[in-house]
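# Architecture and fold: a report
Residue strings, one per chain:
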Amino acid sequence: MAEVKLAAETRTEFGKGAARRIRRASKVPAVVYGHGADPMHITLPGHELQLALRTPNVLLSLELDGKTQLAIPKAVQRDAIKGFLDHVDLLLVRSGEKVNVEVYVHTEGDLAPGAYLLEHVLSTLTVEAEATHIPESVTVSIEGLEAGASILAKDIPLPKGTTLAIDEDAVVLQVLSAQAEEAPADAEAEGASEA
């Protein structure tokens, strides 16, 4: 897992007007909380933060007032139309500390031949991992699965040091048989009367 360094500044102005000024300066308002400390209001560089957040569960190394603190993103608010970052909530973490995060479930392989559909009941898995070793995603094989087959959370291989933080019997993926759409009964009656 990559660690991204960001220079943070303490924020002293609050409210909509202050947040708009921060965003016009290509920065993002943020709040850092955790470990029983009072929340810190900071400002982060917008472009660098946007690039960092492309990696799921990225570990951020915040340089603030001569100190470096590790944090992970907990909530990201974006502009609904333009997609720019509006605000970010960060959770302080320490090396060796366990945190609960969501990781994406990727599939590999092909289903058995036939008209089958793969339903992603859960697209992410909640896992507990060390803050400095959070996996970006987990991968599970669907090779040869047929209708009626399902993959439970406990069936997904997890990286070393990572454990499930949800019910191990939760269905993550299931295979369904594709159903042909039936013709309406009125159309069948019309076809019979024309013949």
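Bear in mind that the values here come from a model prediction, so they are computed numbers and not experimental data.

The helix and strand tally for the chain stands at three helices and 14 strands. Here the chain has a C-alpha radius of gyration of 24 Å; the compact-globule value for 195 residues is 16 Å, and the former is much larger. Its C-alpha atoms give the chain principal-axis dimensions of about 85 × 45 × 25 Å. For the chain, buried positions account for 32% of its 195 residues. Long-range contacts, defined here as pairs at least 24 residues apart, represent 63% of the contacts in the chain between residues at least 6 apart. Summing over all exposed atoms, the chain offers an accessible surface of approximately 11,800 Å²; the carbon and sulfur share of this is 48%. Seen as two clouds, the 17 positive and the 30 negative side-chain charges of the chain have centres 19 Å apart.

Note on placement: Thr43 falls in strand β4 (residues 37-45). What makes Thr43 buried here is its relative accessible area of 7%.

Turning our eyes to something else, we now look at the pairing of strand β7 (residues 85-93). For β7, the buried fraction is high: seven of the nine residues fall into the buried class. Pairing between strand β3 (residues 27-34) and β7: four bridges, direction parallel. Note that in β7 the partner of Ala30 across the bridge is Val88. Direction of pairing for strand β6 (residues 67-78) relative to β7: antiparallel, over a ladder of eight bridges. Its bridge partner lying in β7, Ile72 is registered against Leu91.

This part covers the sheet that holds strand β2 (residues 9-10). Across the sheet, seven strands lie side by side as β1-β5-β6-β7-β3-β4-β2; this open sheet has mixed pairing. The open sheet is flanked by β1 (3-7) and β2, the only strands paired with a single partner. Lying on the sheet, helix α1 (residues 16-24) is in contact with β3, β4 and β7; it crosses β3 at an angle near 115°.

Turning next to unusual backbone geometry. Within the chain, Ser26 stands out as a residue other than glycine whose phi angle is a positive 60°. Along the chain, Ser26 turns up in the loop between α1 and β3. For Ser26, a relative accessible area of 56% translates into the label exposed. Non-glycine residue Asp65 carries a positive phi angle of around 55°. Structurally, Asp65 is set in the loop between β5 (59-64) and β6.

With that settled, consider the nonpolar core. Ile72, Leu125 and Ile156 are the most contacted members of the largest nonpolar core, which totals 21 residues. At the level of elements, β6, β7, β8 (98-108), β10 (124-130), β11 (137-141) and β14 (171-177) are the ones that each hand at least two residues to this core. Among the elements that make up this core, the one with the highest residue count is β8 (four residues). When near neighbours in sequence (up to four residues on either side) are disregarded, Ile72 contacts Val58, Leu59, Asp89, Leu90, Leu91, Val93, Val99, Val101 and Ile134.

In low-pLDDT regions, the fine details of the predicted coordinates are not to be read closely. Residues of the chain with pLDDT of at least 70 account for 91%, and the chain-wide mean is 84. In the model of the chain, helix α3 (residues 185-194) stands out as the element of lowest mean pLDDT, 54, in contrast to strand β12 (residues 150-152), which has the highest, 91.

What follows is about the environment of Ala8. Mapping Ala8 onto the fold places it in the loop between β1 and β2. In this structure the C-alpha to C-alpha distance between Ala8 and Pro29, which are 21 residues apart in sequence, comes to 9.9 Å. Once residues lying within four places of it in the same chain are set aside, the contact partners of Ala8 are Ile42, Thr43, Leu44, Glu63 and Leu64.

Parameters at a glance
- Throughout this document, residue positions are counted from 1 along each chain, in the order its sequence is written.
- Where totals are concerned, whole chains, interfaces and linings use all residues; where local detail is concerned, this predicted model gives features only for residues with pLDDT of at least 70, and gives and counts side-chain atom pairs only at 80 or more.
- With hydrogens and water excluded, all non-hydrogen atoms of the structure serve as input to the side-chain values.
- Secondary structure follows DSSP: runs of H or I at least 4 residues long count as helices, runs of E at least 2 residues long count as strands, and numbering of each begins at the N terminus.
- All radius of gyration figures rest on C-alpha atoms, and the globule criterion is 2.2 Å times the number of residues raised to 0.38.
- Think of it in three bands: residues with accessible area under 20% of the maximum for their type are buried, residues over 50% are exposed, and the middle band is partly exposed, with areas taken using a 1.4 Å probe on protein chains only.
- Only heavy atoms enter the contact rule, under which two residues are in contact if any of them lie within 4.5 Å.
- Exposure was quantified through the Shrake-Rupley algorithm and a 1.4 Å probe, taking into account, for residues, occlusion by the shown protein chains and nothing else.
- When charges are counted, Lys and Arg contribute as positive and Asp and Glu as negative, whereas His and the chain ends are disregarded.
- Here the site of a charge means NZ on Lys, CZ on Arg, CG on Asp, or CD on Glu.
- One requirement defines pairing of two strands: DSSP has to find at least two bridges between them.
- Axes here mean lines fitted to C-alpha atoms, for a helix over just the part in contact, with angles spanning 0 to 180 degrees between N-to-C directions.
- By nonpolar core we mean a set of buried residues, namely Ala, Val, Leu, Ile, Met, Phe, Trp, Tyr and Cys, connected to one another through side-chain atoms within 4.5 Å.
- The quantity called pLDDT is the predictor's confidence in a given residue, expressed from 0 to 100.

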